[in-house]
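Listed here are the chains, written in short residue letters.
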Amino acid sequence: MTKPRVLIAEELSPATVEALGPDFEIVNCDGANRAELLPAIADVDAILVRSATQVDAEAIAAAKNLKVIARAGVGLDNVDVKAATQAGVMVVNAPTSNIVSAAELAVALLLASARNVVPAAAALANGEWKRSKYTGVEVADKVVGVVGLGRIGVLVAQRLSAFGVKLIAYDPYVQPARAAQLGVRMVSLDDLLAEADFITVHLPKTPETVGLIGDEALHKVKPTVHIINAARGGIVDEAALYQALVEGRVAGAGLDVFNKEPCTDSPLFTLEQVVATPHLGASTDEAQEKAGIAVARSVRLALAGELVPDAVNVQGGQLAQIIKPLLPLTEQLGSIACGLATDAVVRVDVQVLGEAAAEDVRVLELSALKGVFQVLVNDPVSFVNAPVLAQQRGVEVALTSDTVSPDHRSLVRVTLTLTNGKSVSVAGTVAGPRNIAKLVEVDGHDVDVQVSDHLIFLNYSDRPGVVGTIGQKLGEAGINIGGMQVSPDNAGSALVVLTVDSAVDKATLEGISTAIGANWAESVDLVG
């Protein structure tokens, strides 16, 4: 088999290739060069980028085999996530790879702004000794306002607390009690603007946050304030900041990000009280290595068809320990149910019962869909395109959960509603310290069978001798039985479920069905 092709479109840490391992064919291109990118991306399975490569709708449309876009960093401004999702392409990033580096740079910009480090160094380089001109301010005992108390904002607050500052923060999604544990007092944005001696921004760039620190906000601050933005360009209005600095309404600024990048000619760069860096937040050896390794691992998982915790366009995120073994089980249940279906599927219901229901189980819905569509379509099915395939085919999907499970610690049931009005339902659980996947219910019949790559289902009128006939026919075909469970019902019929060591051909299955007078017979193969 040919190896999956992975396109590295920007310079990444050597550890990235090492983390990918020998199972992939690595190709390279200059992703910032469209004429080079578009033909290079046409036949690859994955692309790894930083921030210079625009993976937009055009690039995604040109990539006929693309399964995953990996951004070696946090921001996704250069990736069209919506277009990727529509195309069934997983988008992953490395959300924690550069948070320490970004936090440290924000602190560095704040200190450099407070002590006029850059203009003083420039003056000295020009042969000028200007101690009195570049008198700065101490950070100790000052009020630092953190706008956005997420992962990076918290790291900045923790580091600045060592300087003896008073910390306040604005973040509508953080509870005051949580902030208090960090020594931070939550305030409104207006109060933060009025009180802070230093304002450091750590928000994502969204329609709501663009221009948040704009002209109106900058008329509410102290004239001695220093504004730091090492988050995303555009959150601080650069034109408004320039005007505030020129008019003396803001004392200084430290900027690492800009509304349009690369940015080399901003009026802000002409002001001595501005210290600016070219988006260096993630530019440390450690951050680049962490990001490369993280996305390489995600690419490996994605191309193996597994769930990727860092996928931004797949619901589910980090999995609780109790959910992990249910993930492959639910996919198998989806495939088994679809293999037993006698007509087209119009609805998929996933029910989670027991202890697992106390966790976030949304990913199990995706897993069931993945299992269903692996039977229905020839193209590769992933956690991304499974819901897209359902939507395109008009298949309704529903997920329910209940922490009560009468017979099992955790149970997953997948029910398919078919176009003929009938339904197929299978349920399973995992058992023992090794989390063995077990099929425990088929259309209301209680069974207890370990899930196997090859399964046979036979429904027949319950009577003596049938099991012997089944064994004889399989023996004649050279097929070994791994396990068997017979489940009679009160109406006189019985269901037998068998696990076998190899696939059963159509002729053998029909022969068994005829020999026992089966009401119906199906074989389901979960491999190949």
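In case you missed it, the structure is sitting above this.
Draft legend 1. Structural detail: the overall build of the chain. Counting its secondary structure elements, the chain contains 17 helices and 22 strands. At 30 Å, the chain has a C-alpha radius of gyration far larger than the 24 Å of a compact globule built from 528 residues. For the chain, the C-alpha atoms occupy an extent of roughly 105 × 50 × 40 Å along the three principal directions. Counting over 528 residues, the chain shows a buried share of 50%. Sequence separation of at least 24 residues holds for 63% of the intrachain contacts in the chain that already meet a minimum separation of 6. When the 40 basic and 61 acidic side-chain charges of the chain are each reduced to a single mean position, those positions are 5 Å apart.

Draft legend 2. Spatial organisation of helix H7 (residues 151-161). Along H7, the residues classified as buried are Gly-153, Val-154, Leu-155, Val-156, Ala-157 and Leu-160. Along its buried surface, H7 packs onto helix H5 (99-114), strand E6 (143-147), strand E7 (166-170), strand E8 (184-186) and strand E9 (198-201).

Draft legend 3. Here's a closer look at the packing of helix H14 (residues 362-376) against helix H15 (residues 385-392). Their axes nearest at 8 Å, the elements H14 and H15 cross at an angle of 65°. By the angle between their axes, H14 is roughly perpendicular relative to H15. Here H14 runs over H15; the crossing is left-handed. Two secondary-structure elements touch here, H14 through Leu-366, Leu-369, Lys-370 and Phe-373 and H15 through Ala-386, Pro-387, Leu-389 and Ala-390. When its residues are assigned to classes, the contact of H14 with H15 shows seven nonpolar, no polar and one charged.

Draft legend 4. Fine view of the side chain of Glu-441. One can find Glu-441 in strand E17 (residues 436-442). Given the relative accessible area of 15%, Glu-441 is considered buried. A distance of 2.9 Å separates polar atoms of two side chains, one belonging to Glu-441 and the other to Arg-413. Apart from residues lying up to four places away in sequence, Glu-441 is in contact with Arg-413, Ser-425, Val-426, Ala-427 and Val-447.

Draft legend 5. Structural context of the nonpolar core. One finds Met-90, Val-348, Leu-364, Phe-373, Leu-416, Leu-439 and Phe-457 to be the most contacted residues of the largest nonpolar core, which totals 74 residues. At eight residues, helix H13 (residues 326-340) tops the list of elements feeding residues into this core. Discounting chain neighbours no more than four positions away, the residues touching Phe-457 are Ile-336, Leu-340, Leu-439, Val-442, Val-496, Val-497, Trp-520, Ala-521, Glu-522 and Val-524. Counting residues in hydrophobic clusters, the runner-up holds 31 residues, among them Leu-189, Leu-192, Ile-199 and Val-221.

Draft legend 6. How the structure looks around the pairing of strand E13 (residues 345-354). Bridge count between E13 and strand E15 (residues 410-418): nine bridges; the pairing is antiparallel. Within E15, the residue paired with Arg-347 across the bridge is Thr-417. Here E13 pairs with strand E14 (residues 396-402) via seven bridges, running parallel. Counted as the bridge partner of Gln-351 is Thr-400 from E14.

Draft legend 7. Main features of a nonpolar patch on the surface. Judged by side-chain polarity, Val-467, Met-484 and Val-486 come together as a nonpolar surface patch covering roughly 190 Å² of accessible area. By the element assignment, Val-467 lies in helix H16 (residues 466-476).

Draft legend 8. Highlighting the pattern of salt bridges. Within this structure, the stated rule accounts for 21 salt bridges. Between Glu-128 and Lys-130 there is a salt bridge, with the nearest N and O atoms lying 3.6 Å from each other. Glu-128 sits in the partly exposed class, given a relative accessible area of 33%. Take Lys-130: its relative accessible area is 31%, and that puts it in the partly exposed class. The salt bridge involving Lys-133 is made with Glu-272; its shortest N-O contact spans 3.5 Å. Taken together, the residues span a long stretch of sequence, with Lys-133 in the loop between helix H6 (117-125) and E6 and Glu-272 in the loop between strand E11 (252-255) and strand E12 (274-276) at a distance of 139 residues. Linked by salt bridges that have partners in common, Arg-5, Glu-25 and Asp-43 make up one network.

Draft legend 9. Representation of the sheet that holds E17. One open sheet accounts for six strands, arranged E14-E13-E15-E16-E17-E18; its pairing is mixed. Edge positions in the open sheet fall to E14 and strand E18 (445-450), since each of these has one partner strand only. Adjacent strand axes in the sheet meet at a mean angle of 20°, parallel and antiparallel pairs treated alike.

Draft legend 10. Quick peek at H5. With 16 residues, H5 ought to run about 22 Å at 1.5 Å a step, and its terminal C-alpha atoms sit 23 Å apart, in line with that. H5 sits mainly inside the fold: 12 of its 16 residues count as buried. Taken residue by residue, H5 has Ile-99, Ser-101, Ala-102, Ala-103, Leu-105, Ala-106, Val-107, Leu-109, Leu-110, Ala-112, Ser-113 and Ala-114 as its buried positions. Positive backbone phi, at 55°, marks Asn-116, one or two positions downstream of H5.

Draft legend 11. Representation of the environment of Val-81 in the model. By secondary structure assignment, the location of Val-81 is in helix H4 (residues 81-86). Taking relative accessible area as the criterion, Val-81 reaches 24% and is therefore assigned partly exposed. Along the sequence, Val-81 and Gly-31 sit 50 residues apart, while their C-alpha atoms lie 17 Å from each other. If we skip the residues at most four places from it in the chain, Val-81 touches Leu-76, Val-91, Val-312 and Asn-313.

Draft legend 12. Molecular detail of the sheet that holds strand E2 (residues 25-28). The sheet built from five strands is open, its strands ordered E2-E1-E3-E4-E5 with parallel pairing. Either end of the sheet is taken by a strand with one partner, and the two such strands are E2 and strand E5 (90-93). Pairs of neighbouring strands in the sheet enclose a mean axial angle of 20°, with direction left out of account. With four bridges joining them, strand E4 (residues 68-71) and E5 adopt parallel strand pairing. Within E5, the position partnered with Ile-69 by the bridge is Val-91. Of the strands in this sheet, strand E1 (5-8), strand E3 (46-49), E4 and E5 touch helix H12 (residues 285-303), which is tilted by about 170° from E4.

Parameters and conventions
Residues numbered from 1 in each chain as written. Predicted model: local features only at pLDDT ≥ 70, side-chain atom pairs only at ≥ 80, totals over all residues. Heavy atoms only, no water. Helix = DSSP H or I, 4+ residues; strand = E, 2+ residues; numbered from the N terminus. Rg over C-alpha atoms; globule rule 2.2 N^0.38 Å. Buried < 20%, exposed > 50% of the residue type's maximum accessible area, 1.4 Å probe, protein only. Contact = heavy atoms within 4.5 Å. Lys, Arg positive; Asp, Glu negative; His and termini not counted. Charge placed at Lys NZ, Arg CZ, Asp CG, Glu CD. Axes fitted to C-alpha atoms, helices over the stretch in contact; angles between N-to-C directions. Parallel < 35°, antiparallel > 145°, perpendicular 65-115°, else oblique. Left-handed = near helix turned anticlockwise from the far one by under 90°. Nonpolar A, V, L, I, M, F, W, Y, C, P; charged D, E, K, R; others polar. Polar contact = N/O pair within 3.5 Å; in protein donor to acceptor, adjacent residues only side chain to side chain. Core = buried A, V, L, I, M, F, W, Y, C linked by side-chain atoms within 4.5 Å. Pairing = 2+ DSSP bridges. Patch = residues over 30% accessible without salt bridge, like charges linked within 9 Å, V, L, I, M, F, W, Y side chains within 5 Å. Areas by Shrake-Rupley, 256 points an atom, 1.4 Å probe, with all protein chains shown as cover. Salt bridge = Lys/Arg side-chain N within 4 Å of Asp/Glu carboxyl O. Expected span 1.5 Å × (residues − 1).

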